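Summary of the model geometry
Listed here are the chains, written in short residue letters.
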Amino acid sequence: VTQESRPVRTAAIIAVGSELLTPFRSDTNSLAITGRLNEIGIEVASKQIVGDDPRDLATAVTAALERADLVVVTGGLGPTSDDVTRPTIARMLDLPLEENGEVLERIRQRFAGRGLAMPEINRGQAMVPRGATALANANGTAPGLWIKVEHRRVLLLPGPPREMQPMLDVVVREYLAPSSGNMRLYRRVIKIAGRAESYVETLAQPVYSRWLAADPRISTSILAAPGQIELHLGIRSDSADRARMSLERAIGQLKAVLGLDIFTDDGQSLEEVVGGLLRARGWRIAVAESCTGGLTSSRLTDVPGSSDYVDRAAVTYSNRAKVEWLGVPEDLIRDHGAVSEEVAGAMAIGVREGAGVEVGIGISGIAGPGGGTEAKPVGTVVIAVAWDGGQRVQAFRFAGGRAQVKFQSSQAALDMVRRWLLEQPQSAGRRA
Ligand code: AMP
Ligand code: MG
């Protein structure tokens, strides 16, 4: 194996920036970098965050070089004195820094393009360790650097994501992918609504634990958030067809135990799935929201093209709004309370009939932290789905703070619509 062709199998990521060690900024670059590397079969073996400190950075790079074929350092390439990445790495690797005329010219031109002279401080960004390749930065002044260290590689990328991302794409395409062979990581994301993590885990674990012993092995991670559980399946393979078949078989096994609780097996959002089901039937939807304050309709309209099936939405927060806009009978609210099956049902029917569309949703609940009673504590939410000739109403008791209750309510509403739509024939056509 020559130095040139030795494939990169493992990577270590180091994010540099003291702000990343505060509660105000998080290191998102390493996630983007991991995603791109995984796609070409490179596994991330470790990652670290260090402040703008040369000693800490040098320690981290030394450790990373010991265990990974590729070390990616992001951040600290700016022109100011707290940007220590370039000189620290050059010193560590014993590479003299030399001014690169081409890079200097690019930086000058970047300023000239805005009618400015290059500040002297930016000159440092044109210093390139001997033997390293400077990577053009389309969105900033700091060039990236690609350095070969015997059979290992060190990649320096700028911190700002919009500068880092396009540079990473170029490096993956031109430097890493050509020598990565055909090995790729293939992923499928399965999502489940309306079930607790323990429920999903109990049913799914016996299934996916078998895959660990399979060849090729399928790895599974379970990501839980209130209202949504995700199962991420990954397989490393040099054949796209074989990977696809293995994943398809695996997903079939999960579907056998989880059934309709799975709303997508290819990473779609719940609002996309509901939109697809409405579109397939040529139906439109109208939404009446109280405690969710428009979140459900906001999510529905996050999907491009949703104007084909979203007709309207009303945020009817007050009782008066429910009466005036949706025609909810006043005595219904008086007798049962705004958070009741009767009122949620009347909201769904009212908004649907007012819009003259096929499906209506009504949501009424107590998002908290105030407003709860013994009979209807915070987190009590009633959701109704109405259609021509029928309705379905369900009461929920969600846990968590205001934001979680709002999200879970919108999730439950969309999921009720999804399950109802799945029971309806596809070719029904418009019927309002
Ligand atoms: P730099 O000058 O290269 O250190 O980058 C500075 C800018 O990029 C700051 O706005 C940082 O918050 C942002 N940044 C740096 N590192 C990261 C990271 N790992 N993830 C997300 N943003 C980052
Ligand atoms: Mg920085």
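Now for a look at the structure at hand. (Residues numbered from 1 in each chain as written. Chains lettered and ligands numbered in written order. Predicted model: local features only at pLDDT ≥ 70, side-chain atom pairs only at ≥ 80, totals over all residues. Heavy atoms only, no water.)

**Thoughts on the overall build of the protein chain**
- Looking only at helices and strands, one finds 13 helices and 17 strands in the protein chain.
- Based on the C-alpha atoms only, the size of the protein chain along its principal axes is roughly 80 × 55 × 45 Å.
- Counting all 432 residues of the protein chain, 47% fall into the buried class.
- The long-range fraction of contacts in the protein chain, counting pairs at least 24 apart against all pairs at least 6 apart in sequence, stands at 67%.
- Total accessible area on the protein chain stands at roughly 20,200 Å², and carbon and sulfur atoms take up 50% of it.
- Here the protein chain carries 50 positive and 50 negative side-chain charges, and the mean point of each set is 2 Å from the other. (Helix = DSSP H or I, 4+ residues; strand = E, 2+ residues; numbered from the N terminus. Buried < 20%, exposed > 50% of the residue type's maximum accessible area, 1.4 Å probe, protein only. Contact = heavy atoms within 4.5 Å. Areas by Shrake-Rupley, 256 points an atom, 1.4 Å probe, with all protein chains shown as cover. Lys, Arg positive; Asp, Glu negative; His and termini not counted. Charge placed at Lys NZ, Arg CZ, Asp CG, Glu CD.)

**Regarding the site of ligand 1**
- Ligand 1 sits among 16 residues. The nearest are E19, D27, G76, G159 and P160.
- The contact in question runs from a nitrogen atom of ligand 1 to an N or O atom on the backbone of T28, over 3.1 Å.
- Taken by itself ligand 1 offers 490 Å² of open surface, and the protein chains cover 78% of this.
- Residue composition of the shell around ligand 1, by class: 6 nonpolar, 6 polar and 4 charged. (Near = heavy atom within 4 Å. Polar contact = N/O pair within 3.5 Å; in protein donor to acceptor, adjacent residues only side chain to side chain. Nonpolar A, V, L, I, M, F, W, Y, C, P; charged D, E, K, R; others polar.)

**Re the packing of helix 1 (residues 29–39) against helix 5 (residues 161–176)**
- Contact pair helix 1 / helix 5: the axes reach a minimum separation of 11 Å and the direction vectors enclose 20 degrees. When the axis of helix 1 is compared with that of helix 5, the two are roughly parallel. Considering only the axes of helix 1 and helix 5, their crossing is right-handed. Taking contact as the criterion, the partners of N29, A32, I33, R36 and L37 in helix 1 are, on helix 5, P161, M164, Q165, L168, D169, V172 and L176.
- Broken down by class, the residue content of the contact of helix 1 with helix 5 amounts to 8 nonpolar, 2 polar and 2 charged. (Axes fitted to C-alpha atoms, helices over the stretch in contact; angles between N-to-C directions. Parallel < 35°, antiparallel > 145°, perpendicular 65-115°, else oblique. Left-handed = near helix turned anticlockwise from the far one by under 90°.)

**Here's the deal with the packing of aromatic side chains**
- Applying the stated rule across the entire model yields 4 aromatic pairs.
- Seen from their ring centres, W146 and Y175 are 4.9 Å apart, and the 45 degrees between their planes marks the pair as tilted. Taken as a pair, W146 in strand 7 (residues 144–149) and Y175 in helix 5 lie far apart in primary sequence, 29 residues in all.
- Owing to a relative accessible area of 4%, W146 belongs among the buried residues under this scheme.
- On the accessibility criterion, Y175 (27% relative accessible area) is partly exposed.
- Aromatic rings pair up to connect W283, W387 and W420 into one cluster.
- Sitting above the plane of the Y199 ring, R195 keeps its charged end 4.4 Å from the centroid. (Phe/Tyr/Trp six-rings, centres within 6.5 Å; stacked < 30°, edge-to-face > 60°. Lys NZ or Arg CZ within 6 Å of the ring centre and 35° of its normal.)

**Comments concerning the side chain of T380**
- As for its position among the elements, T380 is in strand 16 (residues 380–387).
- Among the polar contacts listed, one links the side chain of T380 to the backbone oxygen of P377, at a separation of 2.6 Å.
- In contact with T380, not counting residues within four places along its chain, are V339, S364, G365, I366, F396 and R397.

**Topic: the nonpolar core**
- In this structure, V274, L278, I285, I361, I383 and L421 are the most contacted members of the largest nonpolar core, which totals 33 residues.
- Residue assignment for this core shows that the elements contributing at least two residues are helix 8 (270–281), strand 13 (285–289), strand 15 (359–365), strand 16 and helix 13 (402–423).
- Counting residues per element, this core draws most heavily on helix 13, which supplies 8 residues.
- Core analysis: the second largest hydrophobic core is formed by 29 residues, V16, V50, L104 and V128 among them. (Core = buried A, V, L, I, M, F, W, Y, C linked by side-chain atoms within 4.5 Å.)

**Examining the sheet that holds strand 10 (residues 218–225)**
- Judged by pairing direction, the sheet is antiparallel, and its 4 strands sit side by side in the order 10-11-9-12 without closing on themselves. Across the chains shown, the open sheet's two edge strands, defined by having one partner strand only, are strand 10 and strand 12 (262–264). Direction aside, the axes of adjacent strands within the sheet are offset by 30 degrees on average.
- Packing of helix 6 (residues 197–211) onto the sheet brings it into contact with strand 9 (184–193), strand 10 and strand 11 (228–237), and relative to strand 10 it is tilted by some 170 degrees. (Pairing = 2+ DSSP bridges.)

**Describing the layout of surface pockets**
- Space inside the largest pocket adds up to approximately 410 Å³.
- Along the wall of the largest pocket there are 22 residues; nearest its centre are A193, G194, R195, F396 and D415.
- Counting only elements with at least two residues in the lining of the largest pocket, the list comes to strand 10, strand 11, strand 17 (390–397) and helix 13.
- Examining the composition of the lining of the largest pocket, we find that 6 residues originate from one element, helix 13, more than from any other. (1 Å grid on protein atoms, 1.4 Å probe; cavity = no way out; pocket = protein on both sides within 12 Å on 5 of 7 lines; lining within 4 Å. Points joined across faces, edges and corners; volume = space filled by probe spheres on them.)

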